[in-house]
Amino acid sequence: MKALTFRGRENIAYESVADPVIQSAGDVIVEVSSCAICGSDLHPYHEREKGLDHGCVMGHEFTGQVVETGKAVKLLKPGDAVISPFTVSCGQCFYCRKGLTSRCEQSQLFGWRENGVGLNGGQAEYVRVPLADTTLVRRPTTMTDEVAILLGDILSTGYFCSTQAHINPEDIQVVVGCGPVGLMAIWAAYRLGAQRVFAIDQVPQRLAMAEAWGAIPINYLEINPVDVIREATAGRGADQVLEVVGLKSAVRSAFDLLRPGGTLSAVGVCNSTHLPFSPTEAYDQNLTYRIGRCPARGIMEGIMDWAMEDADQLSSVFTHIRPLQEGPSAYHLFDQKADGCMKVLLKPE
Ligand SMILES: [Zn+2]
Ligand SMILES: [Zn+2]
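Residues numbered from 1 in each chain as written. Chains lettered and ligands numbered in written order. Predicted model: local features only at pLDDT ≥ 70, side-chain atom pairs only at ≥ 80, totals over all residues. Heavy atoms only, no water.

*Asks:* Explain the coordination of the zinc ion (ligand 1) to me, using residue names and the numbers behind them.
*Replies:* Within the protein, the zinc ion (ligand 1) binds to Cys38 (SG), His60 (NE2), Glu61 (OE) and Asp153 (OD); these donor distances fall in the range 1.8 to 2.2 Å. One can describe the site at the zinc ion (ligand 1) as tetrahedral: its 4 donor atoms subtend angles covering 92 to 131° at the metal. Going along the chain, you hit the donors of the zinc ion (ligand 1) in the pattern C-x21-H-E-x91-D. Placement of His60 in the loop between α1 (42-45) and β4 (61-69) and of Asp153 in the loop between α4 (145-152) and α5 (154-165) is noted, with a sequence separation of 93 residues between them. For the pair His60 and Asp153, a shared accessibility class is recorded, and that class is buried. (Donors = N, O, S within 2.8 Å, 3.2 Å for Na, K, Ca; no water. Tetrahedral: all angles 85-135°; square planar, octahedral: opposite > 155°, others 65-115°. Helix = DSSP H or I, 4+ residues; strand = E, 2+ residues; numbered from the N terminus. Buried < 20%, exposed > 50% of the residue type's maximum accessible area, 1.4 Å probe, protein only.)

*Asks:* An account of the layout of surface pockets is requested, with residue identities and associated values reported.
*Replies:* The space that makes up the second largest pocket amounts to roughly 280 Å³. Looking at the second largest pocket, it is lined by 17 residues, and the ones nearest its centre are Pro20, Val21, Gln23, Asn120 and Arg128. Among the elements of the structure, β9 (117-119) and β10 (126-129) are those that each provide at least two residues to the lining of the second largest pocket. Here the lining of the second largest pocket takes 3 residues from β10, the largest share from any one element. Looking at the lining of the second largest pocket residue by residue, the class counts come to 9 nonpolar, 5 polar and 3 charged. (1 Å grid on protein atoms, 1.4 Å probe; cavity = no way out; pocket = protein on both sides within 12 Å on 5 of 7 lines; lining within 4 Å. Points joined across faces, edges and corners; volume = space filled by probe spheres on them. Nonpolar A, V, L, I, M, F, W, Y, C, P; charged D, E, K, R; others polar.)

*Asks:* Outline α5, listing residues and values.
*Replies:* Across its 12 residues, α5 extends 16 Å between first and last C-alpha, which sits within 8% of the 16 Å expected from 1.5 Å per residue. For α5, the set of buried residues is Ile154, Leu155, Ser156, Thr157, Gly158, Tyr159, Phe160, Cys161, Ser162, Gln164 and Ala165. (Expected span 1.5 Å × (residues − 1).)

*Asks:* Tell me what's going on with the side chain of Lys343, and back it up with residues and numbers.
*Replies:* Topologically, Lys343 is positioned in strand β19 (residues 343-347). Among residues more than four places away in sequence, those in contact with Lys343 are Ala36, Ile37, Cys38, Glu61, Leu150, Ile154, Pro180, Val317, Phe318, Thr319, His320 and Phe334. (Contact = heavy atoms within 4.5 Å.)

*Asks:* Account for the coordination of the zinc ion (ligand 2), naming residues and giving values.
*Replies:* In the first shell of the zinc ion (ligand 2), the protein supplies Cys90 (SG), Cys93 (SG), Cys96 (SG) and Cys104 (SG), at 2.3 to 2.4 Å from the metal. Here the zinc ion (ligand 2) binds 4 donor atoms, and the angle range of 102 to 118° at the metal identifies the geometry as tetrahedral. Ordering the donors of the zinc ion (ligand 2) by residue number gives the pattern C-x2-C-x2-C-x7-C. The exposure class assigned to Cys96 is buried, which follows from its relative accessible area of 9%.

*Asks:* Talk me through helix α9 (residues 248-257); I want residue IDs and the actual numbers.
*Replies:* Note on helix geometry: an α-helix contains 3.6 residues per turn, so any two residues three or four positions apart are oriented the same way. Of all the positions in α9, only Ala250, Val251, Ala254, Phe255 and Leu257 are classed as buried. The arc that holds every buried residue of α9, seen down its axis, measures 165°, which confines them to one face. (Arc of directions from axis to C-beta.)

*Asks:* Break down the nonpolar core for me, citing the residues and quoting the values.
*Replies:* Counting 87 residues, the largest nonpolar core has Val28, Val129, Leu151, Leu155, Ile186, Trp213 and Val317 as its most contacted members. With 8 residues, helix α6 (residues 180-191) is the largest single contributor of residues to this core. Counting the residues that make up this core, at least three belong to each of domain 1 (2-153 + 296-347) and domain 2 (157-291). Those residues in contact with Leu155, other than ones at most four positions away along the chain, are Leu150, Met184, Trp187, Ile303, Ala307 and Leu314. Judged by nonpolar contacts, the second largest core, of 21 residues, contains Val176, Val228, Val241 and Phe277. (Core = buried A, V, L, I, M, F, W, Y, C linked by side-chain atoms within 4.5 Å. Domains from an automatic or database assignment.)

*Asks:* Outline the pairing of strand β1 (residues 2-6), listing residues and values.
*Replies:* Along β1, 4 of the 5 residues are buried, which leaves the element largely enclosed by surrounding structure. Bridge analysis of β1 against strand β2 (residues 12-16) gives 5 bridges, and the strand direction is antiparallel. The residue bridging Lys2 from the neighbouring strand is Ser16, located in β2. (Pairing = 2+ DSSP bridges.)

*Asks:* I'd love a proper account of the sheet that holds strand β13 (residues 197-201), names of residues and values included.
*Replies:* One open sheet accounts for 6 strands, arranged β14-β13-β12-β15-β16-β17; its pairing is parallel. Strands at the two margins of the open sheet, each flanked by one partner only, are β14 (216-219) and β17 (288-291). Sheet twist, expressed as the mean angle between neighbouring strand axes with direction ignored, is 20°. Across 4 bridges, strand β12 (residues 173-176) lies against strand β15 (residues 238-243) in parallel orientation. (Axes fitted to C-alpha atoms, helices over the stretch in contact; angles between N-to-C directions.)

Laid out in structure tokens, this is it:
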């Protein structure tokens, strides 16, 4: 089959690799109808952390239909269209039973192979899904590929960020970062009852989209967000700040925007070795800080109806649709945010 593989720093190849095969009785093989490039794919792309194995198939956002099932698979059959979260989960361990599927004892992230261990990703014609009965969710026939992919990661992540923040309708929320996940967080905050969500970024097109989704945009290159938020809150600061970027500077900005007793909810992939605020500062702010990987499998079914109601709005983050074979240039486009690129949908031929 054809797939996008990691070939070293900022080097993605479109090449022929071996077709995935059933390895365990709980596996299925999914034929991918669409897949997407995610902001977190840029971490291995830039080798910001220890590199992936060369040849690892990239990607953890995909949808498609089951074409083959292992002997122990009971709930899925060939022909079923499926939504996949970005990690696999067993459905039975302590964490899965609590809904924290991202910390499943058997969790593995798609598109992450190191030293020969791990899963190939979904930016390919086919992908092997272990623990399939408890990982995949059957997809309603009226659901588009776009919505299915969003549910599997960034929509669930934006929603998780909002739930972690404990949105209170009377409060003031700020979303730091208006990329795809930030937009999903804005959507989720309003769905959870928020009345007034501010959104911070520096890219005019992203701010325009945030505004179209109901947020009050703040371009931090033009105005100090702290001043804007203080003015809106009688000098106190925001009640809840949703941080979706993960960079140290973004977390610090989020911290600076909060009022004492506020909540900082962070879902951006974090690679820092130190917090950008001190224990003393946290104490002095009576800070509630909630951070971590979204348990997409535990969330996505519960927001499916909302996602389908708002399908057109949510799908508008896919500014570019490309054949899978143009994946290498699509990575570059996405990384550079060139041509107004927000998010890329890739289609195997
Ligand atoms: Zn993702
Ligand atoms: Zn589990």
